[in-house]
Amino acid sequence: MAHLNPALLATFPPPVMEARRWLQDVSFPPDRPLINVSQAAPVDPPPEALRQAIAEAALSRPEAHLYGPVLGNPDLREAVAAAFSAAYGGPVGAGQVAITQGCNQAFCTAISTLAAPGDEVILPTPWYFNHKMWLDMQGLITRVLPCGADLLPDPGRAEALVGPRTRAIVLVTPNNPSGAEYPAGLVGAFFDLARRHGIALILDETYRDFDSRAGAPHDLLTRPGWDETLIQLYSFSKAYRLTGHRVGAMIAAGARLAQAEKFLDTVAISTSQLGQIGALWGMRHLRDWLAGERAQILARCAATRRALAAVPGWQLKTAGAYFAWIAHPFAESSADLALRLVREAGILALPGTMFTPPDDPVGRGHFRLAFANVDSDGIVQLAERLRRFRP
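Since the structure is predicted, the reported quantities are computational estimates derived from the model, not experimental observations.

*Asks:* Go over the overall build of the protein with me, naming the residues and quoting the values.
*Replies:* A count of helices and strands for the protein gives 15 helices and 13 strands. Here the C-alpha atoms of the protein give a radius of gyration of 21 Å, agreeing with the 21 Å that 2.2 N^0.38 yields for 391 residues. If you line up the protein on its principal axes, its C-alpha atoms span 55 × 55 × 55 Å. Across the 391 residues in the protein, those meeting the buried criterion constitute 53%. Here the protein contributes 36 positive and 36 negative side-chain charges, whose respective centroids are spaced 3 Å apart.

Set out below in structure tokens:
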């Protein structure tokens, strides 16, 4: 075989794909079907009206099948700018919005405009694994910031990690994998830290539509010159069930987007036209529907809290948006227990080791449960199976 990139070889495999392979050659009896809490993505298609809008565009709009502007269609960029301005109470212009092939690409784009091999990025743990994978692939150094028992990162500990090659701090709120919602004051403190040191704050808000709090979750967009420090990321996948269409957004300074255009033109040229059309239609027509989706997710979160609180030995640390972060009571690593949960309890869940550095005791002792696709009966069954499980 020809030479392989050593940075790619050193990057761990995609965790969700690895977990799916655990299901091979495992059968689940009818009275104990698989409970899949491994992936944080909607499994249902978009609502029928949105699918109809996409279908009509496919049939009647020739431009829906052509390349579009690299930074996204102007109408969707304008809609995102208007929506974020209204939601956060600060000015965002269409020239500060780029549309990307999903939020993962938005993150990759942001990092590519910021850092070169050997530069450093501060990443709280437990981390979102695709963020760590991209940093590793690019030859960047991850400065690990362990969260506290409340699953919140500490700005003081983060500041101690800042060095001459630090280029960014990454926050995800509501958090993947923990579900923790970061208080506005905490997010503001990280913004101040980043501004003080002349580095970027990358704020991934993929799950912002399912935040339990009313009003804006932070005030960063109201701060003068916010785009000199903040790079804000968003995904349409969860809000409108558009995972297969890959539509995300990156909000940043226009000068940064001019550099991002180079990256995006090289890796994708332009975001899916049908996906952008669907996202815009959703923004214009599905506000009430999305409010109902949010209410359903919040209800499942509450049901998860109640059910897991009744499981002896297992300790729920945090829950929010799509996720619960739970400590198990056993001496074995979650990496080993995860396989046994599949075979012996019919539960597919990701071990905490997939969200932390190797041999991190936090990873060994925890699981991430993605409950958004599990109804109330399934959540009760999940808790009962955990209660009965014995390694």
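*Asks:* Residue-level account of the sheet that holds strand β9 (residues 315-320), with values.
*Replies:* In spatial order, the strands read β9-β10-β13-β12; together these four strands make up an open sheet with antiparallel pairing. Either end of the sheet is taken by a strand with one partner, and the two such strands are β9 and β12 (350-351). In this structure, β12 lies alongside strand β13 (residues 366-370), joined through two bridges in antiparallel fashion. If you follow proline 351 over to β13, its bridge partner there is phenylalanine 367. Where helix α12 (residues 287-309) meets the sheet, it contacts β9, β10 (323-327) and β13, and its direction lies at approximately 175° from that of β9.

*Asks:* Lay out the nonpolar core in plain terms, naming residues and giving numbers.
*Replies:* If you look at the biggest cluster of nonpolar residues, it comprises 123 residues, and the most contacted ones within it are Leu201, Ile202, Ile231, Phe236, Met250, Phe367 and Leu369. Considering every element that reaches this core, the biggest residue donor is helix α5 (residues 102-114), with seven residues. In this structure, leucine 369 is in contact with Val37, Leu308, Tyr322, Phe323, Ala324, Ile326, Ala349 and Leu382, ignoring residues within four places of it in sequence.

*Asks:* Go over the environment of leucine 50, please, and point to the residues and values.
*Replies:* Along the chain, the position of leucine 50 falls in helix α3 (residues 48-60). If sequence neighbours within four positions are ignored, leucine 50 has contacts with Tyr240, Leu242, Gly278, Trp281, Gly282 and Leu286.

Thresholds, definitions, all that
The residue numbers shown here count from 1 along each chain, following its written sequence. Where totals are concerned, whole chains, interfaces and linings use all residues; where local detail is concerned, this predicted model gives features only for residues with pLDDT of at least 70, and gives and counts side-chain atom pairs only at 80 or more. Only heavy atoms go into the side-chain values, all of them from the structure, while hydrogens and water stay out. Going along the chain from the N terminus, every DSSP run of H or I of four or more residues is numbered as a helix, and every run of E of two or more is numbered as a strand. Our radius of gyration looks at C-alpha atoms and nothing else; its globule reference is 2.2 Å times the residue count to the power 0.38. Relative accessibility under 20% of the residue-type maximum defines a buried residue, over 50% an exposed one, and the middle range a partly exposed one, all with a 1.4 Å probe and only protein chains included. In summary, the charge assignment counts Lys and Arg as positive and Asp and Glu as negative, without counting His or the chain termini. Note that the charge is assigned to NZ on lysines, CZ on arginines, CG on aspartates and CD on glutamates. One bridge is not enough; two strands pair if DSSP finds at least two bridges between them. Note on definitions: a residue-residue contact is assigned when non-hydrogen atoms from the two residues lie within 4.5 Å. The angle between two axes is taken between their N-to-C directions and runs from 0 to 180 degrees, where each axis is a line fitted to C-alpha atoms and a helix contributes only its stretch in contact. In this description, a nonpolar core means a group of buried Ala, Val, Leu, Ile, Met, Phe, Trp, Tyr and Cys residues linked to one another through side-chain atoms lying within 4.5 Å.

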